[in-house]
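Observations on the three-dimensional arrangement
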Amino acid sequence: MEHRGGSRQKGDGVPKENSPFINNTDDKGNSYDGTNMALFEEEMDSNPMVSSFLSKLANYTNLSQGAQEHEEKEVDSPQMGTFMGVYLPCLQNILGVILFLRLTWIVGTAGILESLAIVGLCCSCTMLTAISMSAIATNGVVPAGGSYYMISRSLGPEFGGAVGLCFYLGTTFAGSMYILGTIEILLTYMVPKAAIFVADKKEDELDALLNNMRVYGTCCLAIMSVVVFVGVKYVNKLALVFLACVILSILAIYAGVIKTIFDPPYFPVCMLGNRTLKNHQFDKCNKIEVIDNITVTTQLWNLFCDGSQLNATCNEYFVNNNVTELQGIPGLISGVISENMWSTYGPLGMLVEKSNLPSVEGGDPTQDIYMPYVVNDITTFFTLLVGIYFPSVTGIMAGSNRSGDLRDAQKSIPIGTILAITTTSIIYITSVVLFGACIEGVLLRDKFGDSVKGNLVIGTLSWPSPWVIVIGSFFSCCGAGLQSLTGAPRLLQAIARDGIVPFLQVFGHGKANGEPTWALLLTAGICEIGILIASLDSVIPQVYSCLQFFLMCYLFVNLACAVQTLLRTPNWRPRFKYYHWALSFLGMSLCLAIMFISSWYYAIVAMVIAGCIYKYIEYRGAEKEWGDGIRGLSLNAARYALNRLEDAPPHTKNWRPQLLVLLNVDSDQAVKHPRLVSFTTQLKAGKGLTIVGNVLQGTYLTKESESKKAEQNIKAAMSAERTKGFCHVVVSSNLRDGVSHLIQSAGLGGMKHNTVLMAWPGAWKQSNDPQSWRNFIETIRETTAAHQALLVAKNVDSFPTNQDRLGEGTIDVWWVVHDGGLLMLLPFLLRQHKVWRKCKMRIFTVAQMDDNSIQMKKDLQMFLYHLRLDAEVEVVEMHDNDISAFTYEKTLVMEQRSQMLKQMHLSRTEREREAQLIHDRNTASHATINDKVDAEPEQVHMTWTKDKLLTERNRNRECNANVAVRDLFNMKPNQTNVRRMHTAVKLNEVVVNKSQGAHLVLLNMPGPPRNRGGDENYMEFLEVLLEGLNRVLLVRGGGREVITIYS
């Protein structure tokens, strides 16, 4: 196979939906000289041979819609695999700010049990979403746009655009959050002296920190934007370095946990009574100390008293309580886990206290904010912690956002994303338990590590040094920020290129290599707004907008999967099989619950924003093709839907066979072939449109009662076979016109059939009336002219009923020419029904002398992989053998029989003419019997009587008949007919050899000859082609693609 990134010539691309076949521009010049496929040669210009079709699928660029419906042009871009393209970005985005900066605080505040509930709730939500996303991602090629592409192609451009833009904003604000995390680590734990703004008063410290974060955050954003602008391959190189640091940091945490079993690190926490103290400004946890037998006060004394003298006035609580030291990391086997099981929520400014230490109250509580106590900087409660923690699991879309850069998106996205979520979930769950088992509760609730000299709390646990964690968390936040700045512009670029939001189209342009330059500039601008807000986890719009937008995106990914699964659209064939609509609904419910649990008012705001975008796209956006009172409402809904259906033909992905079933009834108006109705049910599974039509010969005035009776019988048959659809009985002066009227006018508006199903006229050879098979051939011609597909069931009475359950067996598809892909779609649809569920699909195609059959098999297997169809593939070689004597003789017999039928038909016509002539002459002779007419001698040689006339005519006829018989035995067969018979014989040989035991054989139906003189020969060719086969379905495409590799 050629590489998909290969160059293409100008003009190569996706044909328009109304082009008959995907290769119709190239094959007209291809003449066909072989004898093996002569039956199909008249249609080679529109229906190419499969070998020719497969050779053009090497890079899968000229398949029906999808490849360029969102792209202006194809560009060379880095092609990444599962590990680099999905697993690492997801891992890097999921791990980061929260794990290193906030998880210890969440465990201390919520307790181990509620923390596990928070982690379990959030990870379950993302895992269920990942399962739904995997199903959508493996349902065809996912080009650039990731989650947006999935939702917009599943639920329409309005939903896709609304959710896509919200997700873009969420990803962008997440980027600013990661950058703020980077700067917080830098200024709080790494180089506090690098602060530009320094507070003179304690109450001004927060403002100073925020100003520093704004300045440094802007610089950091500028540097990251430059790196992303240079190219995604440099982001990937940096990502490897950053992720290596993160993994080392996590390993350092686990190593530190193991070390605490036998040698806990020494990180004392100074307690005054039961209150935790910040130890930035003192070294010793004592009020006084004795130096050279002199009692002196310590630095701690100076913080609570107005002087360093022993008689200075001190804070009353300081005087009444003792100072004690706690081991900050008592270790894994210390039993501290029992104290950390339960939650300790509290309001803003609440002191971080250890409940089992003695404490004597005293002093003015309003003055506590000026004392060096560790306090809650925000009001804490369960739902807030859910809101703060959830962004740490939102990196699951990092891989899918870069789907345009993946080598095989539908393989990489499920594996990489689910592995990343599993990995990080294990890390988070074990971390919650280990943190609660190793670290003292007051230290866990110390968000910024003020009680351990400003060390990162998680750093105090790590081995060999806290710096491993500090550096690892710094690079983790950098990497996550880079991933957000890489994914968000690509998401915006995909939305802009789709043209659904007109004013965003400028952001669809980029550099020559496809990098989204303008989208990156806008993303950096929005990111800067988030940085100027400058707070990582306060109850402000940044965290909640980020959270709500992510949750909304996940909600709609789950909804898209559930809707597709329940609708059972023919295009819904995910390669990922471990999904279920119930899981998708559960994931959707969790997303909705978390949205309202974390902040109901921000959830409503996010929904209003998405609703406004939805209405804007519906009103101004580019149009994209991607049932008393209740009865009145249904009528209005149906009318509205029919009007919408009129707008445009359905997209290839939405194509399903809408059937017109041509059913025959006998003289008592009973249904002749009820199994045809059974087969319809098995093919449709209750979905889509089914019209069962029948034609009665005569006039409606004389046939009204028969028409009603036929309609009742057909409806009864449909009810017995559980066929959901409509019945349409037409009375016409002749059957030919009646069928034509049905094909042209059945259905209403956009709810029209696109496929005709009929039974093979089994008794056409025995019938004295050639009109039966002529009607059949004219029906084939009319369906072709109307661009409708045609299915002809041979031996339909042997087809299974709906109560049958076919055992292990095969449905064999003989794909000779490509006429839209219906052959591939039908077995998939049949296998959805319990009758055919256990059958396996086999696809046979025919290779000619010049074809590379090994390459054809590889190409066909790859084509089926992209179509998400599981089937065995076999390429049958048919060489240009010499035409056998058997074929020659069979053709001669066919032509002789045809000639005899014509002569018999002529003789019958002659007899009718002669009888009329005799009648006319007798009438004339009686009228003139008494008239004496003189005649010229040379004009009257003899007197004719009635007997003499008949004798002479019989003698002449015998003479002519003898001549005709001699001509029959002397005639030579037409060479074109010989070649077509050769095709029928040879193809029948290989089909019978391979598929005689199959439960069903599907075969391309050759078109009837353009010259109507050969119609009876055409029927003979088809009879030979199908000889020896039990259940056969002949298939003709309707002149358009009905199956696609795209999602």
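Scroll up to find the structure.
Description of the structure in this document. (Residues numbered from 1 in each chain as written. Predicted model: local features only at pLDDT ≥ 70, side-chain atom pairs only at ≥ 80, totals over all residues. Heavy atoms only, no water.)

Things to note about the environment of Gly307
Note the threshold: Runs of H or I in DSSP of at least four residues are treated as helices and runs of E of at least two as strands, each being numbered from the N terminus.
Mapped onto the elements of the fold, Gly307 is located in the loop between α8 (299-304) and α9 (316-320). Along the backbone, Gly307 and Thr297 are 10 residues apart, and their C-alpha atoms lie at a distance of 9.4 Å.

So, the nonpolar core
Rule in force here: Definition used in this section: a nonpolar core is a set of buried Ala, Val, Leu, Ile, Met, Phe, Trp, Tyr and Cys residues joined via side-chain atoms within 4.5 Å. Think of it in three bands: with a 1.4 Å probe and only protein chains considered, a residue is buried below 20% of the maximum accessible area for its type, exposed above 50%, and partly exposed in between. Throughout, a residue-residue contact means that at least one pair of heavy atoms, one from each residue, lies within 4.5 Å.
Of all hydrophobic cores here, the largest spans 218 residues; its most connected members are Tyr389, Trp815, Met824 and Leu1033. A per-element tally of this core places helix α3 (residues 97-137) first, with 22 residues. Excluding anything up to four places from it in sequence, Met824 contacts Trp815, Met841, Ile843, Phe863, Leu864, Leu867, Leu869 and Ile1043. Phe40, Leu662, Val991 and Leu1029 belong to the second-largest nonpolar core, a separate cluster that totals 53 residues.

Structural notes on the packing of helix α2 (residues 82-94) against helix α11 (residues 409-438)
We apply this condition: Axes, fitted as lines to C-alpha atoms, cover a helix only where it is in contact. Angles between the N-to-C directions of the axes lie from 0 to 180 degrees. If you view the pair so one helix is near and one far, a crossing is left-handed when the near helix is turned anticlockwise from the far one by less than a right angle, and right-handed when it is turned clockwise. Side-chain classes follow a simple rule in which Ala, Val, Leu, Ile, Met, Phe, Trp, Tyr, Cys and Pro form the nonpolar group, Asp, Glu, Lys and Arg form the charged group, and the remainder, Gly included, forms the polar group.
The geometry of α2 relative to α11 is characterised by a closest axis approach of 8 Å and an angle of 30 degrees between their N-to-C directions. Every pair of crossing elements has a handedness; the one defined by α2 and α11 is right-handed. The residues of α11 that touch α2, namely those facing Thr82, Val86, Tyr87, Cys90, Leu91 and Ile94, are Ser412, Ile413, Ile415, Gly416, Thr417, Leu419, Ala420, Ile421, Thr423, Thr424 and Tyr428. Residues of the contact of α2 with α11, tallied by class, amount to 11 nonpolar, six polar and no charged.

Regarding the state of the cysteines
Our working rule: Disulfides are defined in this document as cysteine sulfur pairs within 2.5 Å.
On inspection of all chains with the given rule, the structure shows two disulfides. Disulfide pairing is shown between Cys270 and Cys285; the S-S distance is 1.9 Å. In this structure, the disulfide formed by Cys270 and Cys285 twists by about 80 degrees around the S-S bond and is classed as right-handed. Remark: Cys285 occurs in the loop between β2 (275-276) and β3 (288-291) and Cys270 occurs in strand β1 (residues 268-272); sequence separation between them is 15 residues. A relative accessible area of 4% places Cys270 in the buried class. Here Cys305 engages in a disulfide with Cys314; their sulfurs sit 1.7 Å apart. Of note, the bridge from Cys305 to Cys314 carries an S-S torsion of about 105 degrees and is right-handed in sense. Taking only the cysteines that form disulfides and numbering them from first to last, the protein has the pattern 1-2, 3-4. Just so you know, Cys245 is unpaired, no disulfide at all, and the nearest cysteine sulfur is the one on Cys478, 9.7 Å from it. Considering cysteine sulfurs only, Cys478 is the nearest to Cys477, which forms no disulfide, with 7.3 Å between them.

Considerations on unusual backbone geometry
Excluding glycine, most residues fall at negative phi; most peptide bonds, likewise, are trans. A cis amide bond links Trp463 to the next residue, Pro464, at an omega of 15 degrees. Within the secondary structure layout, Pro464 lies in the loop between α13 (457-461) and α14 (466-498). In the Ramachandran plot, Asn293 falls in the positive-phi region, its phi being about 65 degrees despite a non-glycine side chain. As for its placement among the helices and strands, Asn293 is situated in the loop between β3 and β4 (294-297).

Examining the pattern of salt bridges
Applicable threshold: Salt bridges are identified by distance alone: a Lys or Arg side-chain nitrogen within 4 Å of an Asp or Glu carboxyl oxygen.
What the rule picks out here adds up to 19 salt bridges. Its salt-bridge partner being Glu361, residue Arg275 comes within 3.4 Å of it at the nearest N-O pair. With a gap of 86 residues between them, Arg275 in strand β2 and Glu361 in the loop between β5 (323-327) and α10 (382-389) connect regions that are remote in the sequence. Classification of Glu361 by relative accessible area gives exposed; the value is 55%. One salt-bridge network, held together by shared partners, links Arg736, Glu778, Arg781 and Glu782.

Quick word on the sheet that holds β2
The test is simple: Being paired, for any two strands, means DSSP has found at least two bridges between them.
Strand order across the open sheet formed by three strands is β2-β1-β5, with antiparallel pairing between neighbours. Pairing within the sheet leaves two strands with one partner each, and these edge strands are β2 and β5. Strand direction decides the pairing type here: β1 and β5, joined by five bridges, are antiparallel. If you follow Met271 over to β5, its bridge partner there is Thr324.

As for the packing of aromatic side chains
The following threshold applies: A pair of Phe, Tyr and Trp rings is counted when the ring centres sit within 6.5 Å of each other, with Trp represented by its six-membered ring. The angle between the planes then sorts it: under 30 degrees is stacked, over 60 is edge-to-face, the rest tilted. Think of it as a cone above the ring: NZ of Lys or CZ of Arg counts as a charge over the ring if it is within 6 Å of the ring centre and within 35 degrees of the ring normal.
By the definition in use, this model includes 22 aromatic pairs. Consider the rings of Phe242 and Phe475, whose centres lie 5.3 Å apart with planes at 15 degrees: the pair is stacked. Of the two residues, Phe242 sits in helix α7 (residues 232-262) while Phe475 sits in helix α14, which places them 233 residues apart along the sequence. When its relative accessible area of 9% is taken as the criterion, Phe242 is described as buried. A residue is classified by how much of its surface remains accessible, and Phe475, at 26% relative accessible area, is partly exposed. Here Phe304 and Phe318 contribute two aromatic rings whose centre-to-centre distance is 4.7 Å and whose plane-to-plane angle is 10 degrees, an arrangement assigned as stacked. Placement of Phe304 in helix α8 and of Phe318 in helix α9 is noted, with a sequence separation of 14 residues between them. Taking the relative accessible area as the measure of exposure, Phe304 reaches 5% and is therefore buried. With a relative accessible area of 1%, Phe318 lands in the buried category. By the ring-pair criterion, three or more aromatic residues cluster together here, those being Phe167, Phe390, Phe550 and Tyr554. The positively charged end of Lys287 is found above the aromatic ring belonging to Phe318, 4.6 Å away from the centroid.

A short note on a positive patch on the surface
Cut-off, in case you're wondering: In this scheme, patches are assembled from residues that exceed 30% relative accessible area and form no salt bridge. Like charges are connected within 9 Å, while nonpolar side chains (Val, Leu, Ile, Met, Phe, Trp, Tyr) are connected within 5 Å. We get accessible surface area from the Shrake-Rupley algorithm with a probe of 1.4 Å; when it comes to residues, only the shown protein chains can shield them. Residues scored as charged are limited to Lys and Arg (positive) and Asp and Glu (negative), so that His and the chain ends carry no count. Lysine's charge is taken at NZ, arginine's at CZ, aspartate's at CG and glutamate's at CD.
Taken together, the side chains of Arg568, Arg722, Lys724, Arg805, Lys834 and Arg837 present a region of like positive charge at the surface. Locating Lys834 in the fold gives a position in the loop between α23 (822-830) and β12 (839-847).

Some remarks on the pairing of β4
Where β3 lies against β4, four bridges are found, and the strand directions are antiparallel. Residue Glu289 lies in a different strand from β4, and its bridge partner there is Val296. Turn length for the β3-β4 hairpin, with the two strands adjacent in sequence and antiparallel, is two residues, and the turn residue Asp292 shows positive phi of about 55 degrees.

A closer look at a nonpolar patch on the surface
Together, Leu592, Phe596, Trp600, Tyr601, Ile604, Met607 and Val608 make up a nonpolar patch on the protein surface, roughly 640 Å² of accessible area in all. Inspection of the secondary structure assignment puts Met607 in helix α17 (residues 581-620).

Focus: the sheet that holds strand β11 (residues 809-815)
The strand order β8-β7-β6-β9-β10-β15-β14-β11-β12-β13 describes an open sheet built from 10 strands, whose pairing is mixed. Edge strands, defined here as strands with exactly one partner in the open sheet, are β8 (726-732) and β13 (872-877). The mean inter-strand angle of the sheet, taken between neighbouring strand axes irrespective of direction, is 20 degrees. Pairing of β11 with β12 involves seven bridges; the strand directions are parallel. Across the sheet, residue Val813 finds its bridge partner in β12, namely Ile843. Contacting β6 (659-662), β7 (690-697), β9 (755-759), β10 (789-794), β14 (1000-1004) and β15 (1032-1036), helix α19 (residues 674-684) crosses the sheet at an angle of about 170 degrees to β6. The sheet strands contacting helix α27 (residues 975-995) are β11, β12, β13 and β14, and the helix crosses β11 at an angle near 160 degrees.

Some remarks on α27
The criterion, for reference: Multiply 1.5 Å by the residue count of a helix minus one, and that product is the helix's expected span.
Taking 1.5 Å of rise per residue, the 21 residues of α27 would be expected to cover 30 Å, and the 30 Å separating its terminal C-alpha atoms lies within 8% of that figure. Counting buried positions over the 21 residues of α27 gives 16, a clear majority of the element.

So, the pairing of β12
Our working rule: The handedness rule is simple: strands pointing away from the viewer, and a clockwise path from the first strand over the helix to the second, make the crossover right-handed.
Among the nine residues that make up β12, eight are buried, leaving the element largely enclosed by the rest of the structure. Handedness of the crossover is the feature at issue here: the chain leaves β11, passes through α23, returns alongside β12, and the resulting connection is right-handed. Here six bridges tie β12 to β13, and the two strands are oriented parallel to one another. Its bridge partner lying in β13, Thr845 is registered against Val875. The handedness of the β12 to β13 crossover, carried by helix α24 (residues 853-866), is right-handed.

Digging into the side chain of Arg445
For Arg445, the location among the structural elements is in the loop between α12 (441-444) and α13. Buried and without a salt bridge, Arg445 has Glu440 as its closest oppositely charged side chain, separated by 7.1 Å. Leaving out residues up to four positions away in the same chain, Arg445 has contacts with Trp105, Gly108, Thr109, Thr344, Val352 and Glu353.

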